[in-house]
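Summary of structural features
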Amino acid sequence: MAQQISESELVLMKIIWKNGGAALYSYIMEELEKDKKEWKNNTVLTLLSRLVEKKFLKVKKIGRRNEYVATVTEAEYQTTQTHSFLNKVYGGNVKNLVSTLLQQDILSAEELKEIEAFWREENE
């Protein structure tokens, strides 16, 4: 999935993912209100239709209401974006990424040990 989504579209996707991968328009609007996002109805409908066009969502009719169903899981999206970032910024070199994370104190030595332990468990 090479398509990029905007920050605003990602906000809507996160609401849908958090709700198990599907949400009615009314639920999405309630969640936006809870987050103090005062988005106009038309704005939200436009963003949702863009996500449908980009094939991140499909629409399921429930009577006269639309349920928006994610066609991509959050994990799939994160994987795609991680690969894209890694290739774009680090030319695909994971070692350089990890080196930067360590040098900038973004990743602690303790976290690195946890990752190493996790890696060993996965490969046993």
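The structure we're discussing is the one just above.
Residues numbered from 1 in each chain as written. Predicted model: local features only at pLDDT ≥ 70, side-chain atom pairs only at ≥ 80, totals over all residues. Heavy atoms only, no water.

1. Concerning the overall build of the protein
Helix and strand content of the protein: six helices and three strands. The secondary structure elements of the protein, listed N-terminal to C-terminal, are α-β-α-α-β-β-α-α-α. Put simply, the protein has 124 residues, and 27% of those count as buried. Within the structure as shown, the protein displays about 8,900 Å² of accessible surface, and the carbon and sulfur contribution to it stands at 51%. Computed over 18 positive and 19 negative side-chain charges, the inter-centroid distance for the protein is 10 Å. (Helix = DSSP H or I, 4+ residues; strand = E, 2+ residues; numbered from the N terminus. Buried < 20%, exposed > 50% of the residue type's maximum accessible area, 1.4 Å probe, protein only. Areas by Shrake-Rupley, 256 points an atom, 1.4 Å probe, with all protein chains shown as cover. Lys, Arg positive; Asp, Glu negative; His and termini not counted. Charge placed at Lys NZ, Arg CZ, Asp CG, Glu CD.)

2. Examining helix α1 (residues 7-18)
Note on helix geometry: an α-helix contains 3.6 residues per turn, so any two residues three or four positions apart are oriented the same way. Between its first and last C-alpha atoms α1 spans 16 Å; for 12 residues at 1.5 Å apiece the expected length is 16 Å, and the two agree. Where α1 is buried, its residues touch β1 (22-24), α2 (25-34), α3 (41-53), β2 (57-62), β3 (65-70) and α4 (74-90). Within two residues after α1, G20 carries a phi angle of roughly 85°, on the positive side. (Expected span 1.5 Å × (residues − 1). Contact = heavy atoms within 4.5 Å.)

3. Points about the packing of aromatic side chains
Describing an aromatic ring pair means giving the distance of the ring centres and the angle of the ring planes. Taken as a whole and assessed by the stated rule, the structure comprises three aromatic pairs. Ring geometry for F56 against Y77: centres 6.0 Å apart, planes inclined by 75°, an arrangement best described as edge-to-face. Here Y77 lies in helix α4 and F56 lies in the loop between α3 and β2, a separation of 21 residues in the sequence. The buried category is assigned to Y77, whose relative accessible area is 10%. Between F85 and Y90, the aromatic rings sit 6.0 Å apart at their centres with planes inclined by 65°, giving edge-to-face as the arrangement. Overall, the relative accessible area of 41% leaves F85 in the partly exposed class. (Phe/Tyr/Trp six-rings, centres within 6.5 Å; stacked < 30°, edge-to-face > 60°.)

4. Side note on the sheet that holds β1
An order of β1-β3-β2 is seen for the three strands of this open sheet, with the pairing classed as antiparallel. Where the open sheet ends on each side, the last strands, each with one partner, are β1 and β2. Pairwise comparison of adjacent strand axes, ignoring direction, gives a mean angle of 25° for this sheet. Each of β1, β2 and β3 is contacted by α1, which is oriented at about 90° to β3, the strand it contacts most. Of the strands in this sheet, β2 and β3 are in contact with α3, which crosses β2 at around 115°. (Pairing = 2+ DSSP bridges. Axes fitted to C-alpha atoms, helices over the stretch in contact; angles between N-to-C directions.)

5. Thoughts on the pattern of salt bridges
Opposite charge on two side chains makes pairing possible when the charged atoms of those side chains draw close. Counting across every chain of the model gives four salt bridges. When the shortest N-O distance is used, the salt bridge between E31 and K34 registers 2.8 Å. Of this pair, E31 and K34 both sit in helix α2, three residues apart, which is roughly one turn of the helix. Taking relative accessible area as the criterion, K34 reaches 57% and is therefore assigned exposed. Three or more residues joined by partner-sharing salt bridges are found here, namely K18, E31 and K34. (Salt bridge = Lys/Arg side-chain N within 4 Å of Asp/Glu carboxyl O.)

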